[in-house]
Amino acid sequence: LFSGGVASRVRASFFRTWFDNDVEGRQAGSRAVKGWGEWQNEFRVSRAVTVTQGAEVTLDRVSSAPSLFGERTSKNFGVYAQGDVTPAPALTLSAGLRWDRARRDDGRTEGQVSPRLGLAVRVAPRTIVRASVGRGFRAPSISEGYTNSTFAGVPIRPNPGLRAEGSLG
């Protein structure tokens, strides 16, 4: 908290996995790391207006036998901003915009701009009704695009052409 009207938050995580396995005579070991970070700022412009903005980044790296995932990396980046306006004590209106970009080591780059609108209405002292609509974006994970294996006799084949998915909800 920098002052009564400005706050900043930095969050980060690091995740590491590794396994060794011999599946049907094939070595299927994997080493993977995932790093994630977010920097978010909140500004109280007035009693009735708050602006939140931030950025986040995710880096994935997998090292495994070519018969499983191979050597893969992916980088995802997003920036966002949202404004919240409280024109009356029981009503808050929100509008936001987010831009995402995902890049894989095979050169595929995808992105999307995602708008969002929302409202919250206090209908009783302890009850708030919320509604929102917005777009979403999700890039496929490395395992979703590149797994080449067999599980319980069922072949799992890579799909490097798998594209990012968007949603409206």
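Just so you know, these numbers come straight off a predicted model, no measurement behind them.

Peer 1: Help me understand the overall build of the protein in this model?
Peer 2: A tally of helices and strands in the protein yields 1 helix and 12 strands. Reading the helices (α) and strands (β) of the protein from amino to carboxyl end gives β-β-β-β-β-β-β-β-β-α-β-β-β. Here the protein has a C-alpha radius of gyration of 21 Å; the compact-globule value for 169 residues is 15 Å, and the former is much larger. Seen through its principal axes, the protein has C-alpha atoms that stretch 65 × 35 × 30 Å.

Peer 1: Hey, could you run me through the packing of aromatic side chains in this one?
Peer 2: Note on aromatic pairs: each is described by the distance of the centres and the angle between the planes. A full pass over the atoms with the stated rule returns 1 aromatic pair. Pairing Phe77 with Trp99 gives two aromatic rings, centres 6.3 Å apart and planes at 75°, and the pair type is edge-to-face. Taken together, the residues Phe77 in strand β6 (residues 71-88) and Trp99 in strand β7 (residues 91-104) connect sequence positions 22 residues apart. Residue classification places Trp99 among the partly exposed residues on the basis of a relative accessible area of 35%.

Peer 1: How should I be thinking about the environment of Ser67 in this particular structure?
Peer 2: Considering the arrangement of structural elements, one finds Ser67 in the loop between β5 (49-64) and β6. Here the alpha-carbon distance between Ser67 and Arg122, two residues 55 residues apart in the chain, equals 56 Å.

Peer 1: Can you help me understand the side chain of Ser64 in this one?
Peer 2: With respect to the helices, strands and loops of the structure, Ser64 is situated in strand β5. Separated by 3.0 Å, the side chain of Ser64 and the backbone nitrogen of Phe69 make a polar contact. Polar side-chain contacts of Ser64 include one of 3.0 Å to the backbone nitrogen of Gly70. Contacts of Ser64, omitting those with residues within four sequence positions, involve Gly29, Ser30, Phe69, Gly70 and Glu71.

Peer 1: Any chance you could explain the pairing of β7 here in plain terms?
Peer 2: If a strand is regular, its side chains alternate between the two faces of the sheet. With 13 bridges connecting them, β6 and β7 associate as antiparallel partners. For Ala81, the partnering residue across the bridge sits in β7 and is Leu97. Hairpin connection of β6 to β7: 2 residues between the antiparallel strands. Sheet topology places β7 next to strand β8 (residues 109-124); 13 bridges connect them, and they run antiparallel. Pairing of Gly96 across the sheet is with Arg116, part of β8.

Peer 1: Explain the sheet that holds strand β9 (residues 127-138) to me, please; I cannot follow it from the model alone.
Peer 2: Strands pair in a sheet through their backbones, by hydrogen bonds, and they do so in one of two ways: parallel or antiparallel. Sheet architecture is open: 8 strands sit in the order β1-β4-β5-β6-β7-β8-β9-β12, paired in antiparallel fashion. Where the open sheet ends on each side, the last strands, each with one partner, are β1 (6-19) and β12 (165-168). Taken pair by pair, the neighbouring strands of this sheet meet at an average axis angle of 15°, ignoring direction. Sheet analysis places β9 next to β12, joined by 4 bridges and oriented antiparallel. Across the sheet, the residue bridging to Arg135 is Leu168, located in β12.

Peer 1: Just to check I follow, could you spell out the nonpolar core for this structure?
Peer 2: Taken as a class, soluble globular proteins show a tendency for nonpolar side chains to be buried jointly. Of all hydrophobic cores here, the largest spans 7 residues; its members are Ala28, Ala32, Val62, Leu68, Phe69, Ile142 and Tyr146. If sequence neighbours within four positions are ignored, Phe69 has contacts with Ser30, Val62, Ser64, Ser143, Tyr146 and Thr147.

Peer 1: Any chance you could explain the pattern of salt bridges here in plain terms?
Peer 2: Side chains that differ in sign of charge can pair as their charged atoms come close. According to the stated counting rule, one finds 10 salt bridges in the structure shown. For the salt bridge of Asp20 with Arg31, the shortest nitrogen-to-oxygen distance reads 3.3 Å. With Asp20 in the loop between β1 and β2 (22-23) and Arg31 in strand β4 (residues 30-44), this pair connects stretches of sequence that are 11 residues apart. Here Arg31 falls in the partly exposed class, since its relative accessible area comes to 35%. Of the charged contacts in the structure, one is a salt bridge between Glu165 and Arg138, with a shortest N-O distance of 3.5 Å. Of the two residues, Glu165 is situated in strand β12 and Arg138 in strand β9; the sequence distance between them amounts to 27 residues. Within the structure, one salt-bridge network assembled from shared partners comprises Glu56, Arg98 and Asp100.

Thresholds applied
Numbering of residues begins from 1 in every chain and follows the order in which that chain's sequence is written. The model is predicted, so local features are restricted to residues of pLDDT at least 70 and side-chain atom pairs to those at 80 or more, both for listing and for counting; the totals for chains, interfaces and linings are taken over all residues. Only hydrogens and water are set aside when side-chain values are computed; all heavy atoms of the structure are taken into account. Segments assigned H or I by DSSP are reported as helices when at least four residues long, segments assigned E as strands when at least two residues long, and all are numbered from the N terminus. Our radius of gyration is a C-alpha quantity, and the globule rule it is checked against amounts to 2.2 Å times the number of residues to the power 0.38. Any two of the Phe, Tyr and Trp rings considered here, Trp counted by its six-membered ring, make a pair once their centres fall within 6.5 Å; the pair's planes then place it as stacked at under 30 degrees, edge-to-face at over 60, or tilted in between. Per-residue accessibility, obtained with a 1.4 Å probe over protein chains only, is compared with the maximum for each type, and a residue is labelled buried under 20%, exposed over 50%, and partly exposed between these values. Two N or O atoms count as a polar contact when they lie within 3.5 Å, although within protein this holds only if one can serve as hydrogen donor and the other as acceptor, and sequence-adjacent residues are included solely when both atoms are side-chain atoms. Should any heavy atoms of two residues lie within 4.5 Å, those residues are counted as being in contact. Strand pairing is defined by DSSP finding a minimum of two bridges between the two strands. Note on geometry: axes are C-alpha line fits, over the in-contact stretch for helices, and angles between N-to-C directions span 0 to 180 degrees. Here, the term nonpolar core denotes a set of buried Ala, Val, Leu, Ile, Met, Phe, Trp, Tyr and Cys residues that are joined through side-chain atoms within 4.5 Å. What counts as a salt bridge is simple: a side-chain nitrogen of Lys or Arg found within 4 Å of a carboxyl oxygen of Asp or Glu.

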